[in-house]
Amino acid sequence: MAGPIRPTIADVARAAGVSRTTVSHALNGIGKVDPRTRERVAQAAAELGYRPSLRAQRLRSGQSRTIGLVSSMPVAVGGGPSKLGFFMEVAAAAAETALLHGFALVVVPPLDSSDPPLDSLDIDGAIVIEPDQDDPTTKRLQSRGVPIVTMGPQQGMDLPHVDLRAPQVGRLLLDHLREQGADRIALLMGSGHRSWYVDLAEVYAEFAREHGMPPLVVEADESGGEETGQAACEELLAQHPEVDAICAAVDAFAIGAVRAAAVRGLDIPGDLQVATRYDGVRARTSTPTLTAVDLHLAQAASSAVELLLANLKGTEAAQVVSNPDPRLVPRDSTRTR
């Protein structure tokens with residue numbers, strides 16, 4: 001049995017007493033259509049139950065009405081026990097905002113590959129999360145002419161981005177550790193050149209100078225995640241037993257620091273405090289729970305989508321959007337007082 005016949009644009013045109021072109025312009029918000037005519041067309045479409053064909057709209061506009069969300073973080077950092085926490089928190093908010101604007105979101109999660117299959121994606125634009133300085137993802141997308149917005153700036157590139165307030169985040173963590181009594185704080189960060197690492201290193205150097213504290217920076221290969229974080233911390237604590245706090249740039253490294261402390265029989269936070277940047281599943285479920293920072297990722301994701309869509313539409317917009325002030329979330333890993 002055949003289903004009900006769907007009304008066509010011609011049916012709406014007849015009901016409203018206008019041409020099909022006028023109906024198209026009125027319903028899509030384009031062209032110069034008298035407001036009263038636009039209202040009459042909208043009413044006719046509603047009464048008939050007319051819904052525009054998305055496929056036809058895409059063919060006419062040349063747009064897929066789809067944007068991509070791409071992670072440049074290794075699986076060991078973006079994945080693991082957190083179930084892609086950071087990435088999926090961004091994805092949930094980005095998908096909601098995109099949908100409200102009539103766009104779908106394609107999620108390209110962290111992959112065990114240096115060559116993600118980006119060429120097969122039919123997308124109008126992309127959001128790249130915290131790319132490294134020489135990130136191949138942004139290069140590949142740019143070579144295809146795909147508009148890009150990044151969450152966090154890319155070192156050496158002038159791309160539209162959402163500012164995650166990295167210096168302020170770093171200062172929150174370091175000042176908190178100091179206030180909790182730590183006076184020999186080590187910085188554990190990735191060996192790449194993400195803007196977060198670069199900004200954190202600068203803030204740490206300034207902090208060390210202010211407090212007359214010899215700087216102690218340890219780098220670990222972020223692709224190794226918790227394991228390389230643990231190995232780096234075990235070596236650090238063996239060589240510098242005076243260290244009483246670790247500021248970890250990523251939560252995977254913070255978990256590694258907790259494990260390293262256990263291996264050496266150190267109490268957290270009594271002997272060693274640990275704080276990290278992202279207030280995600282790892283921070284909340286670690287034993288002890290980890291002091292971290294609320295980065296307002298949902299707001300950042302929404303802002304990134306809004307900026308990308310504005311650029312796709314050619315709407316004038318500030319190309320750098322500042323996220324709200326980060327908020328420290330103190331937990332058991334630093335509660336010495």
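How each quantity is defined
Residues numbered from 1 in each chain as written. Predicted model: local features only at pLDDT ≥ 70, side-chain atom pairs only at ≥ 80, totals over all residues. Heavy atoms only, no water. Helix = DSSP H or I, 4+ residues; strand = E, 2+ residues; numbered from the N terminus. Buried < 20%, exposed > 50% of the residue type's maximum accessible area, 1.4 Å probe, protein only. Contact = heavy atoms within 4.5 Å. Areas by Shrake-Rupley, 256 points an atom, 1.4 Å probe, with all protein chains shown as cover. Pairing = 2+ DSSP bridges. Axes fitted to C-alpha atoms, helices over the stretch in contact; angles between N-to-C directions. Core = buried A, V, L, I, M, F, W, Y, C linked by side-chain atoms within 4.5 Å. Domains from an automatic or database assignment. Polar contact = N/O pair within 3.5 Å; in protein donor to acceptor, adjacent residues only side chain to side chain. Phe/Tyr/Trp six-rings, centres within 6.5 Å; stacked < 30°, edge-to-face > 60°. Lys NZ or Arg CZ within 6 Å of the ring centre and 35° of its normal. Salt bridge = Lys/Arg side-chain N within 4 Å of Asp/Glu carboxyl O.

Per an unreviewed UniProt entry, the chain goes by LacI family DNA-binding transcriptional regulator and derives from Saccharopolyspora oryzae.

Next up on the list: the overall build of the chain. When its secondary structure is counted, the chain shows 13 helices and twelve strands. Sorting the 337 residues of the chain into buried and exposed places 49% on the buried side. For the chain, long-range pairs separated by at least 24 residues make up 70% of all intrachain contacts whose partners lie at least 6 apart in sequence. Summed over its atoms, the accessible surface of the chain is roughly 15,900 Å², and 51% of this surface lies on carbon and sulfur atoms.

One open sheet accounts for six strands, arranged E2-E1-E3-E4-E5-E11; its pairing is parallel. The open sheet is flanked by strand E2 (104-108) and strand E11 (320-322), the only strands paired with a single partner. On average, each strand axis in the sheet is tilted by 20 degrees relative to the strand beside it, whichever way the strands run. Direction of pairing for strand E4 (residues 148-151) relative to strand E5 (residues 161-163): parallel, over a ladder of two bridges. For Thr 150, the partnering residue across the bridge sits in E5 and is His 161. Here helix H13 (residues 297-313) sits on the sheet and contacts strand E1 (66-71), strand E3 (125-129), E4, E5 and E11; the angle it forms with E4, its principal contact strand, is near 165 degrees.

Met 151 and Ile 185 are the most contacted members of the largest nonpolar core, which has 75 residues in total. Inspection of this core shows a minimum of three residues originating in each of domain 2 (66-164 + 296-324) and domain 3 (166-294 + 328-334). What Met 151 contacts, discounting residues up to four positions off in sequence, is Val 90, Ile 127, Val 128, Ile 129, Glu 130, Pro 131, Val 162, Leu 164, Leu 297, Ala 300, Ala 301 and Ala 304. Ranked by size, the runner-up nonpolar core spans eleven residues in total, among them Val 12, Val 33, Ala 44 and Tyr 50.

Topologically, Arg 277 is positioned in strand E9 (residues 273-278). Of note is the side chain of Arg 277, whose polar atom sits 2.5 Å from the side chain of Glu 130. Apart from the residues lying within four places of it in its own chain, the contact partners of Arg 277 are Phe 86, Glu 130, Leu 164, Val 169, Leu 173, Trp 196, Ala 248, Ala 249, Ala 292, Val 293 and Leu 295.

Moving on: the environment of Gly 256. Mapping Gly 256 onto the fold places it in helix H11 (residues 251-263). Remark: the alpha-carbon pair of Gly 256 and Gln 230, spanning 26 residues in sequence, is separated by 3.7 Å. Non-local contacts of Gly 256, meaning those with residues more than four positions away in its chain, are made with Glu 226, Gly 229 and Gln 230.

It is worth spelling out the packing of aromatic side chains at this point. As enumerated under the stated definition, the model contains one aromatic pair in all. Ring centres of Phe 86 and Tyr 278 lie 5.0 Å apart, and the angle between their planes is 70 degrees; this geometry places the pair in the edge-to-face category. Here the residue Phe 86 occupies a position in helix H6 (residues 85-100), and Tyr 278 occupies one in strand E9, the gap between them amounting to 192 residues. Phe 86 sits in the buried class, given a relative accessible area of 16%. For Tyr 278, a relative accessible area of 8% gives the class buried. Above the plane of the ring of Trp 196 lies Arg 277, whose end atom (NZ or CZ) is 4.5 Å from the centre.

This brings us to the sheet that holds E9. A sheet is described by the order of its strands in space; here six strands give the open sequence E7-E6-E8-E9-E10-E12, paired in mixed fashion. Bordering the open sheet on either side are strand E7 (217-220) and strand E12 (327-329), each of which pairs with just one other strand. Taking each pair of neighbouring strands and ignoring which way they run, the sheet shows an average axis angle of 20 degrees. Sheet topology places strand E6 (residues 185-190) next to E7; four bridges connect them, and they run parallel. The partner of Leu 188 across the bridge, within E7, is Val 218. Helix H8 (residues 166-179) rests against E6, strand E8 (245-248), E9, strand E10 (291-294) and E12 of the sheet, and its axis sits at about 165 degrees to E9. Each of E6, E7, E8 and E9 touches H11; the most contacted strand, E9, lies at about 165 degrees to it.

Going through the model one piece at a time under the given rule, you end up with 16 salt bridges. Arg 277 serves as the salt-bridge partner of Glu 130, at 2.5 Å between the closest nitrogen and oxygen. Here the residue Glu 130 occupies a position in the loop between E3 and helix H7 (136-143), and Arg 277 occupies one in strand E9, the gap between them amounting to 147 residues. Considered together, Glu 130 and Arg 277 belong to a single accessibility category, that of buried residues. Its salt-bridge partner being Glu 226, residue Arg 282 comes within 2.9 Å of it at the nearest N-O pair. Here Glu 226 lies in helix H10 (residues 225-239) and Arg 282 lies in helix H12 (residues 281-285), a separation of 56 residues in the sequence. The residues Arg 282 and Glu 226 share a single accessibility class, namely buried. Through salt bridges that share partners, Glu 226, Glu 227, Asp 251, Arg 259 and Arg 282 make up one connected network.

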